[in-house]
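Each chain, written out:
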Amino acid sequence: MTTDTKFSRRSVLKGATTMGAAALATPLYVKRALASSGEVNILMWSDYLPPEFIAGFEAETGIKVNYTGIGSNEEIINKMKATKGQGFDIISPTNNRSLQWGPLELLQPFDLSKVNVDAVNPAMAKIGTDAWNFGDAGSHWLPHIWGTEGIAYRTDLWLPAGDAPSYGDVWSEENAGKTMGRAHSMMLGAGLYMEASGEMEPGSIWAAYEDEETMRKVWGQVTDWCVARKDRIKLIWNDADTQKNGLLNEGVVVGQTWDGPPLALKSAGEPVHYQAPVEGAMAWVDGMSMPIGAENVEQVYAFIDYAYRQEPAGKAIDSHGYNSPVLGADTYSGDTYKKNFSEAYPGDSLANLNPWPAEAPWYADVRTEFVNKFKSA
């Protein structure tokens, strides 16, 4: 199962590079009269819905968007567990969290006859019908935004030694006291650097997803390595704004970040660059799911219909800096977005992406143990 999952995610992100040229297939869904009033309550990553996107949707549909921003998958899961799936109509889990959501039974399947699935990258849509088809009831997840985690840096203060930066630059003595990252993914990046530099057996990080014994051995080694270098880390971020603030106001020179925040800064003219590291950027797809307690179902489908149109999707990626699964969305983005994309993924960077593997509940729990050990060291 793990091998198949990794393969499908690699094909997902390779396919994304041809979005602009792909032709739309004839829609299989039947376009119905969509809701034209009411509200929709959305729990989504804090920078995914630019004000212009929300204003456009509200003006066109008459539906008010109540948007609650979050910064982690754990936050989404914990909120839904606490409310037993109530309080929100749309949430935005990442593709690799399906093994954690299935047993919770807090999501309901989409009626795909109401969704223009043909408007999006087919490999990304297939994640929902494959990995998120809980109890064979249908897809409980639709693709919304895709992106990567790699290296951001201040171009006026630091440059990589070679053609591309490395995860190791975040931990280097040269950059001590001037780096940042998110704890769990920064530790995973450290592991990939350890493999590349010969300090760990190649393939260890991915083998850790297979069973708990292997994971404890691998992450024990990674954690010891990170604890020994913890004093070199200036900031541990938890959302998009923390990343931006670190690069602009907190003295951070190099960081392991998502692609969106630094590219948004770059688009605004700040001396910031984001690039896939030599070890390969970590790739993910964030989606839309409907909790069992959703009260505004028709408004949900109206929101999805709007989000799956080329123009709104294309203008949104100009603002937040991530990427859209909507086929042809990039034709509505500006030259700055296209330039940023090509500079973030030069050469064979897209072919070398590391799709984030599916995380079982036991993996997430054990990882939390090691992350807490690192944080408290």
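Basis of the calculations
- Residues numbered from 1 in each chain as written.
- Predicted model: local features only at pLDDT ≥ 70, side-chain atom pairs only at ≥ 80, totals over all residues.
- Heavy atoms only, no water.
- Helix = DSSP H or I, 4+ residues; strand = E, 2+ residues; numbered from the N terminus.
- Rg over C-alpha atoms; globule rule 2.2 N^0.38 Å.
- Contact = heavy atoms within 4.5 Å.
- Areas by Shrake-Rupley, 256 points an atom, 1.4 Å probe, with all protein chains shown as cover.
- Lys, Arg positive; Asp, Glu negative; His and termini not counted.
- Charge placed at Lys NZ, Arg CZ, Asp CG, Glu CD.
- Salt bridge = Lys/Arg side-chain N within 4 Å of Asp/Glu carboxyl O.
- Buried < 20%, exposed > 50% of the residue type's maximum accessible area, 1.4 Å probe, protein only.
- Arc of directions from axis to C-beta.
- pLDDT = per-residue confidence, 0-100.
- Phe/Tyr/Trp six-rings, centres within 6.5 Å; stacked < 30°, edge-to-face > 60°.
- Expected span 1.5 Å × (residues − 1).
- Polar contact = N/O pair within 3.5 Å; in protein donor to acceptor, adjacent residues only side chain to side chain.
- Pairing = 2+ DSSP bridges.
- Axes fitted to C-alpha atoms, helices over the stretch in contact; angles between N-to-C directions.
- Core = buried A, V, L, I, M, F, W, Y, C linked by side-chain atoms within 4.5 Å.

A.B. asks: What exactly am I supposed to notice about the overall build of the protein here?
C.D. replies: Regarding its fold elements, the protein presents 14 helices and twelve strands. Its C-alpha radius of gyration of 20 Å places the protein within 12% of the 21 Å reference for a compact globule of 377 residues. Each of the three principal axes of the protein carries a C-alpha extent, and together these read 60 × 45 × 35 Å. Partitioning the contacts of the protein with sequence separation of at least 6, the portion at a separation of at least 24 is 76%. Summed over all atoms, the accessible surface of the protein reaches about 15100 Å², with 50% contributed by carbon and sulfur. With 31 positive and 48 negative side-chain charges, the protein shows a spacing of 2 Å between the two charge centroids.

A.B. asks: Please clarify how the pattern of salt bridges should be interpreted in this entry.
C.D. replies: Once the charged atoms of two side chains with opposite charge are near each other, the side chains can pair. Applying the stated rule across the entire model yields 15 salt bridges. Its salt-bridge partner being glutamate 298, residue lysine 114 comes within 2.9 Å of it at the nearest N-O pair. Of this pair, lysine 114 sits in the loop between strand E4 (107-108) and helix H5 (122-131) while glutamate 298 is found in helix H11 (residues 297-307), placing the two residues 184 residues apart along the sequence. With a relative accessible area of 22%, lysine 114 lands in the partly exposed category. For glutamate 343, the salt bridge is made with lysine 266, and the minimal N-O distance between the two is 2.5 Å. Note that glutamate 343 is positioned in helix H13 (residues 335-344) and lysine 266 in helix H10 (residues 260-267), a separation of 77 residues in sequence. Here glutamate 343 falls in the partly exposed class, since its relative accessible area comes to 28%. In this structure, a network of salt bridges that share partners links the residues Glu74, Arg97, Glu359 and Arg367.

A.B. asks: Which parts of the structure should I look at to understand helix H3 (residues 73-83)?
C.D. replies: Every α-helix carries 3.6 residues per turn, so stepping three or four residues along brings you back to the same face. Those residues of H3 not exposed but buried are Asn73, Ile76, Ile77 and Met80. For H3, the buried positions fall inside an angular range of 95 degrees around the axis, keeping them on one side. Where H3 is buried, its residues meet strand E1 (39-45), strand E2 (64-70), strand E3 (90-91), helix H4 (98-101) and strand E11 (290-291).

A.B. asks: Help me understand the confidence of the model for the protein in this model?
C.D. replies: For any part of a model where pLDDT is low, the fine detail of the predicted coordinates should not be relied upon. Averaged over every residue, the pLDDT of the protein is 92; the share at 70 or more is 90%. In the model, residues 1-27 has pLDDT below 50 throughout and makes 53 contacts with residues more than four positions away in sequence or in other chains.

A.B. asks: Help me understand the environment of lysine 64 in this model?
C.D. replies: Within the secondary structure, lysine 64 sits in strand E2. Looking at lysine 64, the relative accessible area reads 47%, which means it is partly exposed. With sequence-adjacent residues up to four places away left out, lysine 64 is seen in contact with Gly38, Glu39, Val40 and Glu58.

A.B. asks: Would you explain the packing of aromatic side chains in this entry?
C.D. replies: In this description, an aromatic ring pair is defined by two values, namely the gap between the centres and the angle between the planes. As enumerated under the stated definition, the model contains 22 aromatic pairs in all. Judged by centre distance (5.4 Å) and plane angle (75 degrees), the ring pair of phenylalanine 57 and phenylalanine 303 falls under edge-to-face. Residue phenylalanine 57 is located in helix H2 (residues 51-61), and its partner phenylalanine 303 is located in helix H11; the two are separated by 246 residues in the primary sequence. Neither residue differs from the other here; phenylalanine 57 and phenylalanine 303 are each classed as buried. Ring centres of tryptophan 171 and tryptophan 225 lie 5.7 Å apart, and the angle between their planes is 65 degrees; this geometry places the pair in the edge-to-face category.

A.B. asks: What exactly am I supposed to notice about the environment of methionine 194 here?
C.D. replies: If you trace the backbone, methionine 194 turns up in helix H6 (residues 183-196). Each C-alpha atom of the pair methionine 194 and leucine 247 lies 25 Å from the other, and the pair is 53 residues apart in sequence. Leave out the neighbours within four places in its chain, and methionine 194 touches Glu199, Met200, Gln221, Val222 and Trp225.

A.B. asks: How do you make sense of helix H8 (residues 212-227) when you look at a structure like this?
C.D. replies: In a regular helix each residue adds 1.5 Å, so 16 residues correspond to 22 Å; H8 covers 21 Å between its end C-alpha atoms and thus fits that length. What H8 keeps buried is the set Met215, Val218, Trp219, Gly220, Val222, Thr223, Trp225 and Cys226. Residues of H8 that are buried in the fold lie against H6, helix H7 (204-207) and helix H14 (361-376). Between the side-chain oxygen at the start of H8 and the backbone nitrogen of glutamate 213 there is a gap of 3.2 Å, and the oxygen is on aspartate 211.

A.B. asks: What should I look at first to understand the sheet that holds E2 in this one?
C.D. replies: Sheet strands associate in pairs through backbone hydrogen bonding, adopting either a parallel or an antiparallel arrangement. The strand order across the open sheet built from three strands is E2-E1-E3, with neighbouring strands paired in parallel fashion. Of all the strands in the sheet, the pair left with one neighbour each is E2 and E3. Pairing of E1 with E2, which is carried by seven bridges, proceeds in the parallel orientation. Directly across from valine 40, in E2, lies its bridge partner valine 65. H2 rests against E1 and E2 of the sheet, and its axis sits at about 155 degrees to E2. Lying on the sheet, H3 is in contact with E1, E2 and E3; it crosses E1 at an angle near 135 degrees.

A.B. asks: What is the right way to read the side chain of glutamine 275 from this model?
C.D. replies: Within the element layout of this structure, glutamine 275 appears in strand E9 (residues 272-275). Reaching out from glutamine 275, the side chain makes a polar contact with the side chain of histidine 273 at a distance of 3.4 Å. Apart from the residues within four sequence positions on either side, glutamine 275 is in contact with Gly150, Ile151, Tyr153, Asp163, Ala164, Pro165, Glu343, Ala344 and Pro346.

A.B. asks: I tried to follow the nonpolar core on my own but got confused; where do I start?
C.D. replies: The tendency in soluble globular proteins is for nonpolar side chains to be buried as a group. Among the nonpolar cores identified, the biggest contains 109 residues, and Trp101, Trp171, Leu188, Trp219, Phe303, Ile304 and Tyr308 are the most heavily contacted of them. Excluding anything up to four places from it in sequence, phenylalanine 303 contacts Ile42, Leu49, Phe53, Phe57, Ile90 and Met288.

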